[in-house]
Amino acid sequence: MTESAASAASPAPATPPSLSDPVLSLRGVCKNFGGVRALADVSLDVHPHEVLAVVGDNGAGKSTLAGVIAGVYRPDAGQVLLDGRPVVLGSPAVARSLGIAAVFQDLALCHNLDVVENLFLAHEPTRGGFLDEVAMERTAWELLGQLGTSVPSVRLPVRELSGGQRQVVAVARALLGSPRVVVLDEPTAALGIRQTAEVLNLVERLRERGHAVVLISHQASDLQAVADRFVVLRLGRVGGELDAASVGYEDLLAAMTGASRPSGRKSR
């Protein structure tokens, strides 16, 4: 048999999915609260190994968007797709089971409990009928190390941690389910310069680990160091989708306020 004939007779190897394929997509999503339209015809994609920054002024619909992705709110119209297939995110538990984790602005941490207790609250592993304290502490140290942060002790009460360290603990808890998509809602709000830098370093670690990160904030200047793309929300609608490498801060502000159409070029 000739080489060409052998090639024709052999089945072609399966082609792996492209890394550019989005893991999460929204198509025409709308959400109303009574007579108020919070989201109107919102469409976007987010890919593995990508930080998609969703920016907008207060009232733009950012937190509602985070709630839709996390299963807190069910859209009134439109679709949410995972790997191109429509899904119904009926609750946060459903979203988590499908690989979507969210950390909201309040972090939902118990400040009187220590780091380990917060990480495993209501999901404590047992061994021989008792809490497996050794496994919990080991996992806590491993997760915090992977996320590039350190604390004096994982038995330290969360109230004694800095704002940036608390954010990392909340993200580490979300990662226990090995999510593919991580939503961070206003993670740098009310943080100082050093703490903001810790959180942005955390975002970069999430991207390096292969997560698709949806980073939601009204502080666009904080996000330019880590974002791959920007989606601008204004009055519940997408006001622009911009490449982070080629857009300037002034262009982002213009898109957020509706002052002008973004040029897509980086301002000098």
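In the block above lies the structure referred to throughout.
The sections below set out a description of the structure shown in this document. (Residues numbered from 1 in each chain as written. Predicted model: local features only at pLDDT ≥ 70, side-chain atom pairs only at ≥ 80, totals over all residues. Heavy atoms only, no water.)

What about the sheet that holds strand β2 (residues 36–46)?
Spatially, the 4 strands line up as an open sheet ordered β2-β1-β4-β5, and their pairing is antiparallel. The open sheet has two free edges, formed respectively by β2 and β5 (85–87), since each of these has just one partner strand. With strand direction ignored, the average angle separating the axes of adjacent strands in the sheet is 35 degrees. As judged from the 3 bridges shared by strand β4 (residues 77–82) and β5, these two strands associate in the antiparallel manner. (Pairing = 2+ DSSP bridges. Helix = DSSP H or I, 4+ residues; strand = E, 2+ residues; numbered from the N terminus. Axes fitted to C-alpha atoms, helices over the stretch in contact; angles between N-to-C directions.)

Remarks on the pattern of salt bridges
What the rule picks out here adds up to 9 salt bridges. R155 serves as the salt-bridge partner of D114, at 3.1 Å between the closest nitrogen and oxygen. One end of the pair, D114, is in the loop between β6 (100–103) and α4 (115–119); the other, R155, is in the loop between α5 (133–146) and α6 (163–175), and 41 residues separate them in sequence. Ionic pairing is found between R155 and E133, a salt bridge with its closest N-O pair at 2.4 Å. Of this pair, R155 sits in the loop between α5 and α6 while E133 sits in helix α5; the two residues are 22 residues apart in sequence, bridging distant segments of the chain. According to the relative accessible area criterion, R155 is partly exposed, its value standing at 29%. Members of the salt-bridge network, linked through shared partners, are D114, E133, E137 and R155. (Salt bridge = Lys/Arg side-chain N within 4 Å of Asp/Glu carboxyl O. Buried < 20%, exposed > 50% of the residue type's maximum accessible area, 1.4 Å probe, protein only.)

Overview of the packing of α6 against helix α7 (residues 193–208)
For the pair α6 and α7, the least separation of the axes is 8 Å and the interaxial angle reads 25 degrees. Classed by the angle they form, the pair α6 and α7 counts as roughly parallel. As α6 runs across α7, the sense of the crossing is right-handed. Of the residues in α7, those touching α6 at G163, G164, Q165, Q167, V168, V171 and L175 are Q195, E198, V199, L202 and L206. (Parallel < 35°, antiparallel > 145°, perpendicular 65-115°, else oblique. Left-handed = near helix turned anticlockwise from the far one by under 90°. Contact = heavy atoms within 4.5 Å.)

Digging into the nonpolar core
Considering soluble globular proteins, one finds that nonpolar side chains tend to be buried as a cluster. Membership of the largest hydrophobic core comes to 48 residues, with the highest contact counts inside it found for L147, V171, L184, L206 and F230. Here the element with the most residues in this core is α6; it accounts for 7 residues. Those residues in contact with V171 that lie beyond four places of it in its chain are V103, L147, L184, L202 and L206. One finds L52, V80, V183 and L233 within the second-largest nonpolar core, a separate group that totals 27 residues. (Core = buried A, V, L, I, M, F, W, Y, C linked by side-chain atoms within 4.5 Å.)

Re the pairing of β2
Remember that side chains alternate between the two faces of the sheet whenever the strand is regular. As defined by bridge partners, strand β1 (residues 24–33) adjoins β2 across 7 bridges and the pair is classed as antiparallel. Each bridged residue has a counterpart across the sheet, and for L26 the counterpart in β2 is L44. Remark: 2 residues form the turn of the hairpin made by β1 and β2, two consecutive strands paired antiparallel; G34 in that turn has positive phi of roughly 65 degrees.

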